[in-house]
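Letter by letter, the chains look like this.
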Amino acid sequence: MSTMANSGEEQIAIRAPAQSGGLGASAYFGTPANTIVTLLCLALLALAAKVAVSWLVINAVFDGTPEDCKASVGACWPYLTAKLRYMLFGIYPFEEQWRPLTATALFILAITISCIPRLWSRWLLLGWVVLLPVLYLLMAGGAFGLAEVPTSQWGGLPLSFMLTFVGLVCALPLGILLALARLSNLPAIRILAVTFIELVRGVPLISILFMASVMLPLFMPDGVTIDKLLRAQVAIILFAAAYIAEIVRAGLQALPRGQTEAAQALGLHYWQYTFLVIIPQALKTVIPPLVSLFIGFFQDTTLVTIVGLLDFLNTVRTALRDPNWQGIAVLEGYLFAAAVYFVFSALMGAYSRFLEKHFRVGYD
Amino acid sequence: MSTSGFSGLFLLRDRRIREVAYQVVCIAAVVAIGWYLFQNAAANLARQDIATGFDYLSREAGFIISETPIDYQPSDSYGRALLVGLLNTLTVALLAIVLGTVVGTLVGIARLSKNPLLSRLMLAYVEALRNVPLLLYLFLWYSAIIFTLPPVKQAIALLPGVFVSNSGLVVPAIVWHSGFWTVIAAIAAGVVAAFAWRTVATRRRIATGKAVPGWPVSLTLLVLPFVIAIAVFDIRFEFDWPELGRFRLTGGAHLKPEFVALLLGLTLSASATVAEIVRSGILAIGKGQREAAQALGLSSGRTMRLVILPQALRVIVPPLTNIYVTTFKNSSLAIAIGYPDLVMVSNTIMNQTGQAMEPIALFMLVYLGLSLATSLLMNWYNARVALQGR
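Residue numbering note: each chain is counted from 1, following its sequence as written. Numbering of ligands from 1 and lettering of chains from A proceed in the order in which they are written. Note on the predicted model: pLDDT of at least 70 is required for a residue's local features to be given, and 80 or more for side-chain atom pairs to be given and counted; whole-chain, interface and lining totals, by contrast, use all residues. The basis for every side-chain value is the complete set of heavy atoms in the structure, and neither hydrogens nor water enter the calculation.

Chain B has the name General L-amino acid transport system permease protein in an unreviewed UniProt entry, where Neomesorhizobium albiziae is given as its organism. If you open the UniProt record of chain B and go to Sequence similarities (unreviewed entry), you find "Belongs to the binding-protein-dependent transport system permease family. HisMQ subfamily." UniProt positions are given in the numbering used here, feature names are shortened, and annotations may be inferred rather than shown by experiment.

Going by the annotation in an unreviewed UniProt entry, the name recorded for chain A is General L-amino acid transport system permease protein, with Neomesorhizobium albiziae given as the source organism. Under the UniProt heading Sequence similarities (unreviewed entry), the entry covering chain A gives this text: "Belongs to the binding-protein-dependent transport system permease family. HisMQ subfamily."

Written out as structure tokens, the structure reads:
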């Protein structure tokens, strides 16, 4: 610093801001190599745009029969309109499909409201406690003049949402308990928790789903059968709990030891200080990674397809087997499903980033 | 106070006794539930007349497996069928890990490009892969191969000798003969020699402060044994080039649609995660490091290779472990598109024998073992690249 001080002009020259990139044309055409990169990217984009437009619009069939689609090389829009309701709601009785529609709409509305941190309160929790039985009633029926619909006929997007939501709501408390158990001073409890967590995390979800669908019936006493949907749901809960436990553990370990000591000094016993002091703070720090985990689980629920449940991916897949449309609109079906998953996952991802900013708080 | 002294509950006032009591209750509950389930299972199995134990492994399998890296006939045992499945799992998972790491690293570095067009394109790539379930992609790739590609007799030549059609991918194959083991040994010797020279050269440079020829010698050591082996043993590389006949492709190695779709899906999915890991690893290295390296006069390539990457690796390796293990586990989705991996073979065995518990337990054990082995290997590497105490 001091050696520079005698020549002010030099210092200014040195301090002149470097070209930081991202501004102006130099970011695209600064050097020959960069120019080539830009041109290659532009070519790629142009190609992608050309393929997309010709497939989606120019060569597409907007109105017509399966035969029209077969003859064309573009997208088959009539397929989507013809199979939309099946893809969204599966084999739910056609006349009653307003019920899953209403339930899904209410659910999405409630989730959206619950995403606003300012509205987090006991009232919101109470709202959910009221809403969930209503949603169940809408789906299952059997009261208030609603025809009964067995769970074997539930399907499509509502089922995917349900598997994700119920899975996470049940897995969260279980995961918290597992995380506490893993950090416990009591060796037997710690070992049990570690065994469960590592066992579940070490195997693929599909093996747990297999266990639930094939092995669980074997473990039940004679005459007791568990609903197929419930079995898959239990598998998802156990699987999610192990992963949630590890994230919550990170949050617990990140908490300064002083918090526990202060709570103990106030005379609170284990369950009091854990649930009044430690858990609320630990959870707050791990909300962003938890939301990222939730996105993963929303996608992982597609695995129930393999054990034969009609989740959204499976309704899309079975819709393609319609004899009238077989082999005609395969890409259309999967791309539609991909778009739906993308929108929901991307929204959750954006929300996760928002929360990360929102919760950027320290303890000191 | 004194009244409760007679009930025995006073013992629970002692923290140590309470702790022991908690643990005893917990273990008792787990044992009781386990015992109850075991009893039910035993009763159910006896009633349904299902065999137990692993005797089935030596019985004749009797089903066909579409991809067999080792010799396998339907007359072989269930045990061998499982081995074929395991080898298929390992093949596709390892290939996906290697390819995914290479692609992911490139994408991760490109994500940090100063060219906004390139970095955004890479962002789109990563987001498209991370926001759509892998299983959906598997179905999509598989159907794209089956339904949109032309039949074999109109196979498209992607590159000379590489054909795609609705029955998969056909690539040139090297004709294997016994002399290749010498070549492989020679390549291995070359790699060892090159590494050894690098270590020696670095040590001597540090000791003497004089420049020691590094890469020219390394390269020579790397290539020389290979060239000698080929010259001495007179080994010729013959390729089996696929040729498009009138009705079918002859020659080459045939990769089935199931394998191609699975490999593609796993590779892309792994690459997206690897890209994010690499990117955050490089970003984690402070700007000061780069500036200091530039101030010392290092070129940008050397800055990356000598300063940024060695440090970034410390941040990158632990999450990389996770994604490798995840790729192994994700390869079990093979069953959805019919690639005969360990899970699919187990599933067939389950259906044939009626025994569910043993095959499931077996493949869970294998995945657990693979996960643990990968973690151990990565932990060893991690310890090597960790910050050395000074």
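Next comes the rest of the description.
One turn of an α-helix holds 3.6 residues; hence residues three or four places apart share an orientation. Residues and elements named next belong to chain A. Taking 1.5 Å of rise per residue, the 27 residues of helix α11 (residues 228–254) would be expected to cover 39 Å, and the 40 Å separating its terminal C-alpha atoms lies within 8% of that figure. Relative accessible area decides the class of each residue, using a 1.4 Å probe on protein chains only: under 20% of the type maximum gives buried, over 50% gives exposed, and in between gives partly exposed. Working definition: helices are DSSP H or I runs of at least four residues, strands are E runs of at least two. Numbering for both runs from the N terminus. Counting buried positions along α11 gives 19 out of 27 residues, so the element sits mostly inside the fold. Sitting at the head of α11, Asp227 places a side-chain oxygen 3.0 Å from the backbone nitrogen of Leu229. Expected span of a helix, by definition, is 1.5 Å for each gap between consecutive residues, and there is one gap fewer than residues. As used in this structure description, the phrase polar contact means that two N or O atoms lie within 3.5 Å; if the pair is within protein, one of them must be able to donate a hydrogen and the other to accept it, and residues adjacent in sequence are counted only when both atoms belong to side chains.

Along the chain, Lys329(B) falls in helix α9 (residues 300–330). Among buried Asp, Glu, Lys and Arg side chains, Lys329(B) stands out as unpaired, with Glu198(A) the closest opposite charge at 8.5 Å. Among the polar contacts listed, one links the side chain of Lys329(B) to the side chain of Tyr243(A), at a separation of 3.3 Å. Residues count as neighbours in contact if any of their non-hydrogen atoms are within 4.5 Å of one another. Apart from the residues lying within four places of it in its own chain, the contact partners of Lys329(B) are Arg201(A), Gly202(A), Val203(A), Pro204(A), Tyr243(A), Tyr367(B) and Ser371(B). Two residue types count as positive, namely Lys and Arg, and two as negative, namely Asp and Glu; His and chain ends fall outside the count. Salt-bridge detection follows one rule: a side-chain nitrogen of Lys or Arg within 4 Å of a carboxyl oxygen of Asp or Glu.

On to the UniProt feature "domain: ABC transmembrane type-1" (unreviewed entry) in chain A, then. The UniProt feature table records "domain: ABC transmembrane type-1" (unreviewed entry) at residues 157–352 of chain A. When the span residues 157–352 of chain A is considered, its composition is 79% helix and 0% strand, and the gap between its end C-alpha atoms is 22 Å.

So, about the pairing of strand β1 (residues 156–159) of chain B. Residues and elements named next belong to chain B. Summarising the sheet, β1 and strand β2 (residues 162–165) pair through three bridges and their orientation is antiparallel. Bridge pairing links Ala157 to Phe163 in β2. Connecting the antiparallel pair β1 and β2 is a turn made up of two residues, with Gly161 showing a positive phi of about 85°. Here, a strand pair is defined by DSSP locating no fewer than two bridges between the strands.

Let us now look at the interface of chain B and chain A. Taken together, the contact between chain B and chain A spans 50 residues of the former and 54 residues of the latter. Taken over both partners, the interface formed by chain B and chain A buries close to 4,600 Å², and the fraction arising from carbon and sulfur atoms is 78%. For the chain B face of the interface with chain A, the top three residues by lost area are Leu117(B), Asn131(B) and Leu136(B), together amounting to 12%. On the surface where chain B and chain A come into contact, there are zero salt bridges. Where chain B touches chain A, the interface holds 10 residue pairs in polar contact (both at pLDDT 80 or more). Contributing elements (two or more residues each) for the side of chain B that touches chain A: α1 (15–48), α3 (116–130), α4 (134–148), α10 (334–337), α11 (342–353) and α12 (357–385) of chain B. Under the scheme applied, nonpolar residues are Ala, Val, Leu, Ile, Met, Phe, Trp, Tyr, Cys and Pro; charged residues are Asp, Glu, Lys and Arg; polar residues are all the others, including Gly. Among the residues making up the side of chain B that touches chain A, the classes are represented as 33 nonpolar, 11 polar and six charged. Put simply, buried area is how much 1.4 Å-probe accessible surface two parts lose in total, over both of them, once they are put together.

Residue and element names in this part refer to chain B. The UniProt record marks residues 20–38, 82–112, 132–149, 156–174, 180–200, 212–233, 259–278 and 360–381 with the feature "transmembrane region" (unreviewed entry), using the residue numbering of this structure. As annotated, residues 156–174 has a helix share of 0% and a strand share of 74%, and its two end C-alpha atoms lie 21 Å apart. For residues 360–381, the end-to-end C-alpha separation is 32 Å, with 100% helix and 0% strand making up the annotated structure.

Residue and element names in this part refer to chain A. Only centres within 6.5 Å qualify two rings of Phe, Tyr or Trp (six-membered ring in Trp) as a pair; their planes then separate them into stacked at under 30 degrees, edge-to-face at over 60, and tilted for everything else. Within the structure shown, the criterion is met by 26 aromatic pairs over all chains. Plain terms: the ring middles of Phe161 and Phe298 are 5.9 Å apart, the flat faces sit at 15° to each other, and that makes the pair stacked. With a gap of 137 residues between them, Phe161 in helix α8 (residues 157–182) and Phe298 in helix α13 (residues 270–300) connect regions that are remote in the sequence. Of the two residues examined, Phe161 and Phe298, each falls in the buried class. Centroid distance Trp271 to Phe275: 5.9 Å. Interplanar angle 15°. Geometry classified as stacked. Of this pair, Trp271 and Phe275 are both found in helix α13, four residues apart, which corresponds to roughly one turn of the helix. Ring pairs connect the aromatic residues Phe107, Trp128, Phe161, Phe165, Phe298, Phe312, Phe336, Tyr341 and Phe344, which therefore count as one cluster.

Take the sheet that holds strand β8 (residues 253–255) of chain B next. Residues and elements named next belong to chain B. Sheet architecture is open: four strands sit in the order β1-β2-β3-β8, paired in antiparallel fashion. For this open sheet the edge positions go to β1 and β8, each flanked by a neighbour on one side alone. Geometrically, the sheet is characterised by an average inter-axis angle of 25° between neighbouring strands, direction not taken into account. Every axis corresponds to a line fitted to the C-alpha atoms, with the helix fit spanning only the stretch in contact, and the corresponding angles, defined between N-to-C directions, vary from 0 to 180 degrees.

With that out of the way, let us pick up the pattern of salt bridges. All told, the structure shown has nine salt bridges over all chains when counted by the stated rule. One salt bridge in this structure joins Arg249(A) and Glu246(A), with 3.0 Å as the shortest N-O distance. Within this pair, Arg249(A) and its partner Glu246(A) are both found in helix α11, separated by three residues, close to a single helical turn. Of the residues examined, Glu246(A) reaches a relative accessible area of 14% and is grouped as buried. For Arg80(B), the salt bridge identified is with Asp76(B), shortest N-O distance 3.8 Å. For Arg80(B), a relative accessible area of 30% translates into the label partly exposed. Here the residues in one salt-bridge network are Arg182(A), Glu198(A), Glu246(A) and Arg249(A), joined through shared partners.

Turning our eyes to something else, we now look at the confidence of the model for chain B. What pLDDT expresses is the predictor's confidence in each residue, scored from 0 to 100. Confidence in the prediction of chain B, expressed as mean pLDDT, is 83, and 94% of residues score 70 or more. Here strand β7 (residues 249–250) of chain B stands out as the element of chain B with the lowest mean pLDDT, 72, in contrast to helix α7 (residues 257–283) of chain B, whose mean of 92 is the highest.

Bringing the domain arrangement of chain B into the picture now. What counts as a domain boundary in this text is fixed by an automatic or database domain assignment. Domain assignment breaks chain B into domain 1 (4–48) and domain 2 (78–153 + 255–385). Taking only C-alpha atoms, the centre of domain 1 of chain B and the centre of domain 2 of chain B are 43 Å apart.

Next up on the list: the side chain of Thr267(B). All names here are of chain B. Note that Thr267 resides in helix α7. Judged by its relative accessible area of 9%, Thr267 is buried. A polar contact of 2.6 Å, which involves the side chain of Thr267, links it to the backbone oxygen of Leu263. Apart from the residues lying within four places of it in its own chain, the contact partners of Thr267 are Ala96, Leu99 and Gly100.

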